Amino acid sequence: YMHSTLLTELYEQAGYPLKFIFMLSGVTNSRKTSLVLALAKIFNRDRLVADAEFATATSCGIEKTLSLYKDSPVLIDDFKPGVTKAEQRQMDIKLDNLIRCYGDKVSKKRMLDFSADADKKFFPARNGCILTAEIITGIPSSISRIFITEIGRDDVMNEQLQFYQENRWILPTHVYDFLAWVTVRFKEIITYISDNFSKFRSQYIFDYSRYGEIYATFMTTTVVLAQYAQERGFWNNGYSEEYIQQTADVIITELRNMEDRIKERDAGIIVIEALLNAMEHSEIQPVLLNGESCVCRCTLYEDDSYYYIQTKELWQIIN
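Residues numbered from 1 in each chain as written. Predicted model: local features only at pLDDT ≥ 70, side-chain atom pairs only at ≥ 80, totals over all residues. Heavy atoms only, no water.

**Overview of unusual backbone geometry**
Located in the positive-phi region is asparagine 29, a residue other than glycine, with phi close to 70°. Along the chain, asparagine 29 turns up in the loop between β1 (21–26) and α3 (32–40). Of the residues examined, asparagine 29 reaches a relative accessible area of 64% and is grouped as exposed. In the Ramachandran plot, asparagine 44 falls in the positive-phi region, its phi being about 55° despite a non-glycine side chain. Mapped onto the elements, asparagine 44 comes out in the loop between α3 and β2 (52–53). (Helix = DSSP H or I, 4+ residues; strand = E, 2+ residues; numbered from the N terminus. Buried < 20%, exposed > 50% of the residue type's maximum accessible area, 1.4 Å probe, protein only.)

Written out as structure tokens, the structure reads:
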């Protein structure tokens, strides 16, 4: 995914812009943040910190962060459950906004026509985003815009991770060499993406069409990366072909796991997510529950702890 973000401009010119983010999900102390920072953070490597903390950043702050770099990943750390109902609602809204900024590549339009620096208030997403998380929430239309890899406490190879943490020059040096190689083959790579993206996309049938786009993005990048390594003399032809096949197997396995995860979600979670999504998109609005409003028999009420909704209305939302 990191190499795909380095090719953002080429994918856009080929007509297949990156429209998904990468999520590394794992429990606390699974080393997910350390892994992302060591292997995907290109800038400001004098201190390995994320570009934004999801829990503390505002939606506007995250949107501004997305415009930091043109062709590289933005790293956002620590999406986790909210402590209260209000906190969870804000976390889910921020996640949905983040996903749709990349999934649709459309920034919010603000009423700034009469501001002196109106143009500077427009922050389009111009790259890719890597997000670390403890849990995965969201409705299928949002989840389908995320490529999710789950790791446990024992999945990270700590010795190799420590090596890349201590030798921080390796990643930016490689990126510089990779981009130098890409630059002289700019049009050639764009042509390759244009000619092969749709072929990769139609290679497998997925429940969500976006998964086909994710697969095609990863595979075209994989072929480009393998060609780079071979021309630079790092790999021979046999290793390059083996790498491409192994990567394809890994990607298709992860995508199938993602499909299963959506299908097998707990029914109660689906009900809650459907209700939250309807409220976020103003399809239904809760009324504060008190003695005066109760007699109105509104469709949806709320107090400090619960939502109360008519069964008939909830069933329509779920359907």
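**What about the sheet that holds strand β4 (residues 128–133)?**
With parallel pairing, five strands are arranged side by side in an open sheet as β2-β3-β4-β1-β5. Edge positions in the sheet fall to β2 and β5 (146–151), since each of these pairs with one other strand and no more. In this sheet, β5 lies alongside β1 in parallel orientation, the contact comprising six bridges. Counted as the bridge partner of leucine 24 is threonine 149 from β5. (Pairing = 2+ DSSP bridges.)

**Section: the packing of helix α8 (residues 170–183) against helix α10 (residues 209–231)**
Look at α8 against α10: their axes get within 11 Å of each other, and the N-to-C directions meet at 95°. As summarised for this structure, α8 and α10 are arranged roughly perpendicular, according to the angle between their axes. Contact residues: α8 offers His174, Asp177, Phe178 and Trp181, while α10 offers Val224, Leu225, Gln227, Tyr228 and Glu231. In the contact of α8 with α10, the residues fall into five nonpolar, two polar and two charged. (Axes fitted to C-alpha atoms, helices over the stretch in contact; angles between N-to-C directions. Parallel < 35°, antiparallel > 145°, perpendicular 65-115°, else oblique. Contact = heavy atoms within 4.5 Å. Nonpolar A, V, L, I, M, F, W, Y, C, P; charged D, E, K, R; others polar.)

**Observations regarding the pairing of strand β3 (residues 73–79)**
Residues in a regular strand point their side chains to alternate faces of the sheet. Counting buried positions over the seven residues of β3 gives seven, a clear majority of the element. When β2 meets β3, the two strands line up parallel, connected through two bridges. When the bridges of β3 are listed, alanine 52 appears paired with isoleucine 76. Read from β2 through helix α4 (residues 59–65) to β3, the crossover connection turns out right-handed. In terms of strand pairing, β3 meets β4 through five bridges, oriented parallel. Across the sheet, phenylalanine 79 pairs through a bridge with alanine 133, a residue of β4. (Right-handed = clockwise from strand over helix to strand, strands pointing away.)

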